Protein chains: 2
Amino acid sequence: MVILAVHGGAGGDGPWRGMTDADPQRLNCMRLLLSDLGARLNNGELSALEAVTQAVEAMEDEALFNAGRGSVLDASGAITMDASIMRGEDQAAGAVVGVSKARHPIRIAHQLLEEGWPVMLNGEAADAYGVAKGLEAVEPEWLVTELRRAQWAKWKANKSAPGSTDEDDEAMLDHDGMGTVGAVALDRKGRLAAATSTGGMTGKPDGRIGDTPIIGAGTWADKDVAVSCTGVGEAFIRTCAARSLAAYHTSESLLESGQRVLDEVAPYGGRGGLIAVNASGEVIVPFQTMLMYRGTYVNGAIEVGIGPQTYD
Amino acid sequence: MVILAVHGGAGGDGPWRGMTDADPQRLNCMRLLLSDLGARLNNGELSALEAVTQAVEAMEDEALFNAGRGSVLDASGAITMDASIMRGEDQAAGAVVGVSKARHPIRIAHQLLEEGWPVMLNGEAADAYGVAKGLEAVEPEWLVTELRRAQWAKWKANKSAPGSTDEDDEAMLDHDGMGTVGAVALDRKGRLAAATSTGGMTGKPDGRIGDTPIIGAGTWADKDVAVSCTGVGEAFIRTCAARSLAAYHTSESLLESGQRVLDEVAPYGGRGGLIAVNASGEVIVPFQTMLMYRGTYVNGAIEVGIGPQTYD
């Protein structure tokens, strides 16, 4: 039993309500990476840990996802990216907060995991650590796309408009928050891993940290289950969503556990979704938003989707 | 039933092995704050949330604890402080990472909790937020004490010495890591809260984030239990220690749950301790290090201690 599941963020409420057209470029990115990495998981070439790392790297490189190149711009107009990763068998973990010069933030998190200490690195220190380890650094400008510049300009204009409210702001944030990426995997040796990466939210206040780099909130893996979450980060932190799913799964089914987590984040404004895989080879991709880009590879069978419908 | 429990960090292994003399100044700080805040919890003047905030503020002001004034110096010789706080009834939370100009980092975290969004703020943005909210800012130099300068100089000399090893480094880190502060409380209305604050570890690499500002790792509170942890932060992150305790406590006693958490962090180098209180009015202060400064107020009865022995 070999499984790789990915998500490209949940959203589609607020101003995008009713938007149900799937973007072929993002779905295609998922299909390609699931096909390649799934096959290499299946033949034993990749561990679960390496598969989720490469899956997230592929989505960091796809500029339409909100991670790596194509990340959204924060309040100051800059890109600051967060990522975390966890290996189930020994709960080794790595996380970076606010990096701005890495092509693949998840690879820096992976390197921290491999070295073991520290688990979490912040900002410029994390960028410098990546460079010191020979990981690919880029000019911050290389990460920025025209699409994100335009979204930021719209956010800025909306924010400055007379009569604009915090709710308008939140609606914009929700719209552009879509696109955090993540992956979970189960490999041939029964090992689990999870990884998550994001640029945050358009216009996020300087210094705001969401759930993506928080082990237990956005990402969790142990011997039984691996989880990656996406959505309004604050609610996922308050519910320690990913770790909570693992706790519930000791006595409930995987689907019940995932649904319970989403039910818990809802009252705190936590619209979103998650992907999870367990050691028995079950996989779930629940979400409470209109849409969630996601895909699964299960023993050679590939499915991708965005709304209720999926495509194989 | 009214309870307030505090800790002033766990340590005493490594180079301090055998040091069992209690420092009267720190014990006295705990006794005074427990007496004052305990009485005000008892007469209903303070909520659990306000009690843990003021308890941590008092310890941030005591320069011998490693939080607020008297925080240890990082690798660059600067002070960067982390704190987090959580309210049980609605799992509202606030956290700050790497602040350097606040007298009371925990009060900034508290303010974030009260405002609700974002939950977590990083570095200069967190300092600026505190200033904007009228919270007390100080010159970074005001936070530095002669003791911490001397410890840093010793760490630096040891690090540069020919033949020094990473193990020497770790031993020094362990020695000075002692002193993170935290508090948990149960108020007359049955509400729970937890708070934790730290300067980190002497010589910590720039940008290293430990478990203290991580909701679920260093701090957790829900309707059933409130937890504050102290120790080698990386292991507490990997085990999501505070949230895990709450998960275990749904089917195990509070003491069993606390012990299980410490057993889980141990293989990852996670020597430390924790304090926890539940809605039934039980309180535990387990630790696996030689020493842990801690104190409890239970319905008017005050106890403080450091080694196996306590003092009333």
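Structure's up top.
Residues numbered from 1 in each chain as written. Chains lettered and ligands numbered in written order. Predicted model: local features only at pLDDT ≥ 70, side-chain atom pairs only at ≥ 80, totals over all residues. Heavy atoms only, no water.

Participant: How should the packing of helix H3 (residues 105-115) of chain B against helix H4 (residues 123-132) of chain B be read in this particular structure?
Facilitator: Two numbers describe a pair of packed helices, the interaxial angle and the distance between the axes. Residue and element names in this part refer to chain B. Where H3 contacts H4, the axes come no closer than 10 Å and their chain directions differ by 75°. Viewed along their axes, H3 and H4 adopt a mutual orientation that is roughly perpendicular. Taken together, the residues of H4 that come into contact with H3 (itself represented by Ile108, Gln111, Leu112 and Glu115) are Ala126, Tyr129 and Gly130. Class assignment of the residues belonging to the contact of H3 with H4 gives a composition of four nonpolar, two polar and one charged. (Axes fitted to C-alpha atoms, helices over the stretch in contact; angles between N-to-C directions. Helix = DSSP H or I, 4+ residues; strand = E, 2+ residues; numbered from the N terminus. Parallel < 35°, antiparallel > 145°, perpendicular 65-115°, else oblique. Contact = heavy atoms within 4.5 Å. Nonpolar A, V, L, I, M, F, W, Y, C, P; charged D, E, K, R; others polar.)

Participant: Can you walk me through helix H2 (residues 48-61) of chain A in this structure?
Facilitator: In an α-helix, one full turn covers 3.6 residues, which means residues spaced three or four apart are oriented alike. Residue and element names in this part refer to chain A. For H2, with 14 residues, the first-to-last C-alpha span of 20 Å sits near the 20 Å given by 1.5 Å per residue. Extensive coverage of H2 is indicated by the burial of 12 of its 14 residues. Looking only at H2, the buried set comprises Ala48, Leu49, Glu50, Ala51, Val52, Thr53, Gln54, Ala55, Val56, Glu57, Met59 and Glu60. Along its buried surface, H2 packs onto strand E1 (3-11), helix H1 (24-42), strand E2 (81-87), helix H3 (105-115), strand E5 (181-186) and strand E6 (192-198). (Expected span 1.5 Å × (residues − 1). Buried < 20%, exposed > 50% of the residue type's maximum accessible area, 1.4 Å probe, protein only.)

Participant: What should I look at first to understand the side chain of B:Arg148 in this one?
Facilitator: Looking at the element boundaries, B:Arg148 is found in helix H6 (residues 146-160). With residues up to four places along the chain from it excluded, the contact list for B:Arg148 reads B:Ala63, B:Leu64, B:Phe65, B:Asn66, B:Gly70, B:Ser71, B:Val72 and B:Leu73.

Participant: Which parts of the structure should I look at to understand the packing of aromatic side chains?
Facilitator: Aromatic ring pairs are described here by two measures, namely the spacing of the ring centres and the angle between the planes. Counted by the stated rule, this structure contains four aromatic pairs over all chains. Where A:Phe65 meets A:Tyr293, the ring centres are 6.4 Å apart and the plane angle is 85°; that geometry is what we call edge-to-face. Linking A:Phe65 in the loop between H2 and E2 with A:Tyr293 in strand E12 (residues 291-298), this pair joins segments that are 228 residues apart in sequence. With a relative accessible area of 1%, A:Tyr293 lands in the buried category. The ring of B:Tyr248 carries B:Arg260 above its face, with NZ or CZ at 3.6 Å from the centroid. (Phe/Tyr/Trp six-rings, centres within 6.5 Å; stacked < 30°, edge-to-face > 60°. Lys NZ or Arg CZ within 6 Å of the ring centre and 35° of its normal.)

Participant: Help me out: how do you make sense of helix H4 (residues 123-132) of chain A in this one?
Facilitator: Residues and elements named next belong to chain A. Taken together, the buried positions of H4 are occupied by Gly123, Ala125, Ala126, Asp127, Tyr129 and Gly130. Residues of H4 that are buried sit in contact with strand E3 (92-99), H3 and strand E4 (120-122). Downstream of H4 by one or two residues, Gly134 has phi in the positive range, about 80°.

Participant: Quick question: what am I supposed to make of the environment of A:Ala301 here?
Facilitator: All names here are of chain A. Here Ala301 lies in strand E13 (residues 301-305). By relative accessible area, which is 47% here, Ala301 ends up partly exposed. Placed 32 residues apart in sequence, Ala301 and Gly269 show a C-alpha to C-alpha distance of 35 Å.

Participant: When you look at the sheet that holds strand E9 (residues 225-231) of chain A in this model, what are you seeing that I'm missing?
Facilitator: Hydrogen bonds along the backbone pair up the strands of a sheet, which may run parallel or antiparallel. All names here are of chain A. The strand order across the open sheet built from four strands is E8-E9-E10-E11, with neighbouring strands paired in antiparallel fashion. Every other strand in the sheet has two partners, leaving strand E8 (219-221) and strand E11 (283-284) as the edge strands with one partner each. Summarising the sheet, E9 and strand E10 (residues 272-278) pair through seven bridges and their orientation is antiparallel. Bridge pairing in E10 places Ala226 opposite Val277. (Pairing = 2+ DSSP bridges.)

Participant: Explain the relation of the copies chain A and chain B to me, please; I cannot follow it from the model alone.
Facilitator: Relating one copy of the chain to the other takes a rotation about an axis and a shift parallel to that axis. Overlaying chain A on chain B yields an RMSD of 0.0 Å, the required transformation being a rotation through 180° with an accompanying axial translation of 0.0 Å. Both copies of the chain, as the preceding transformation shows, are related through a two-fold rotation axis. Minimal C-alpha distance to the rotation axis in chain A is attained by A:Ala247, lying at 3.0 Å. When the interface residues of chain A are mapped onto chain B, 100% of them again lie at the interface, so the same face is used by both copies. (Least-squares fit on C-alpha atoms with pLDDT ≥ 70 in both.)

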